[in-house]
Amino acid sequence: ASTGMEFVWVAKLNCWVGKYEVTNGEYRKKDRSHDSKDFKGHSLNGDRQPVVHVNYDDAVAYAKWLTEKDRASGKLPAGYSYRLPTGDEWMTFAQCGDGRVYPWGDDWPPRSGQAGNYCGQETKALAGSRIPGYSDASIVTCDVEDSWKNPWGLYGVGGNVWECTSKAPGGAVDAWRGAAWGGNPQDFLRCSFRDACYASGRTYATGFRLLLNRQPVPKGETASG
């Protein structure tokens, strides 16, 4: 991608999945004025932190913009497009082929630093409930490279920021998936959990990840799906 975004081939889905959540630096290549702000004095705005304060429409518009930009520059062949994952696709790369309950596995609570950037003891209850006995290195969002890698080579699938998904190419918003750095009840951290309450909202914990798909764009739909 012209933004420098990296992708991992996922054979189960027959497409490439963003290695990381979209970062502030990548997002600002489209919208230079975007500000992910801070949370109680802790910055969320670093170039390698995941972009937040974006919603479903923002994510779809970004995928469309990147598709058109990379096609125009010859970096993306005709018929390829960037888009949001569907809920089913997100579940596939979150469970890594073994049906795991949580992105890190089946155990509760997770082992410190071995599950992702969640609300651990390091937050000192800055943003809600903490995971019992769990700690990681980040009070708020961390750089995407530090957000824990799952067995399929994808970072931050669980934790860091909620990731927006769509029901199907061209379909309506599905939900936010994967939980985030702020406090969430145990059930929210399950792979199967979908938070549809604020699907179109912009918060300090909402971001997204892109897929690179080599299927033709459905007739009448936008390039971002």
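Small disclaimer: the values here were computed from a predicted structure and weren't measured.

Tell me about the overall build of the protein, and please be specific about residues and values.
Scanning the protein for helices and strands turns up three helices and nine strands. A compact globule built from 225 residues should have a C-alpha radius of gyration of about 17 Å, and the protein, at 16 Å, falls within 12% of that. Taking the principal axes of its C-alpha atoms as reference, the protein extends roughly 50 × 40 × 30 Å. Evaluated residue by residue, the protein yields a buried proportion of 52% over its 225 residues. Summarising the internal contacts of the protein: among those between residues at least 6 apart in sequence, 63% fall at separations of at least 24.

Got a sec to walk through the sheet that holds strand β5 (residues 81-83)? Specific residues and values, please.
The sheet built from four strands is open, its strands ordered β1-β2-β9-β5 with antiparallel pairing. Only two strands of the sheet have a single partner each, and these edge strands are β1 (7-10) and β5. Within this sheet the neighbouring strands show an average axis-to-axis angle of 30°, counted without direction. Of the strand pairs in this sheet, strand β2 (residues 15-18) and strand β9 (residues 211-213) are connected by two bridges, and their pairing is antiparallel. Within β9, the position partnered with Trp 16 by the bridge is Leu 212.

Report on the layout of surface pockets, specifying residues and quantitative values.
Its volume calculated, the largest pocket comes out at about 250 Å³. Residues of the lining of the largest pocket, tallied by class, amount to seven nonpolar, five polar and one charged.

Any chance you could break down the environment of Gly 116 for me, citing the residues and the numbers?
By the secondary structure assignment, Gly 116 is in the loop between α3 (87-95) and β6 (162-166). Considering only alpha carbons, one finds Gly 116 and Phe 208, 92 residues apart in sequence, at a separation of 16 Å. In contact with Gly 116, other than residues within four places in its own chain, are Tyr 134, Asp 136, Ser 147, Trp 148 and Gly 158.

Describe the pattern of salt bridges, listing the residues and the values that go with them.
According to the stated counting rule, one finds twelve salt bridges in the structure shown. A salt bridge links Glu 6 to Lys 19; the nearest nitrogen and oxygen atoms lie 3.6 Å apart. Note that Glu 6 is positioned in the segment before β1 and Lys 19 in the loop between β2 and α1 (24-27), a separation of 13 residues in sequence. The partner of Arg 83 in a salt bridge is Glu 89, and the shortest N-O contact between them spans 2.8 Å. The exposure class assigned to Arg 83 is buried, which follows from its relative accessible area of 6%. A single salt-bridge network, built from bridges that share partners, covers Glu 26, Arg 48 and Glu 145.

I'd like a description of the sheet that holds β6, backed by residues and values.
Sheet strands pair via backbone hydrogen bonds, and the direction of the pair is either parallel or antiparallel. Strand order in the open sheet formed by three strands is β7-β6-β8, with mixed pairing between adjacent strands. Each edge of the open sheet carries a strand with a single partner, namely β7 (173-177) and β8 (206-207). Sheet analysis places β6 next to β8, joined by two bridges and oriented parallel. Residue Trp 162 lies in a different strand from β8, and its bridge partner there is Thr 206.

Conventions used here
- Residues numbered from 1 in each chain as written.
- Predicted model: local features only at pLDDT ≥ 70, side-chain atom pairs only at ≥ 80, totals over all residues.
- Heavy atoms only, no water.
- Helix = DSSP H or I, 4+ residues; strand = E, 2+ residues; numbered from the N terminus.
- Rg over C-alpha atoms; globule rule 2.2 N^0.38 Å.
- Buried < 20%, exposed > 50% of the residue type's maximum accessible area, 1.4 Å probe, protein only.
- Contact = heavy atoms within 4.5 Å.
- Pairing = 2+ DSSP bridges.
- Axes fitted to C-alpha atoms, helices over the stretch in contact; angles between N-to-C directions.
- 1 Å grid on protein atoms, 1.4 Å probe; cavity = no way out; pocket = protein on both sides within 12 Å on 5 of 7 lines; lining within 4 Å.
- Points joined across faces, edges and corners; volume = space filled by probe spheres on them.
- Nonpolar A, V, L, I, M, F, W, Y, C, P; charged D, E, K, R; others polar.
- Salt bridge = Lys/Arg side-chain N within 4 Å of Asp/Glu carboxyl O.

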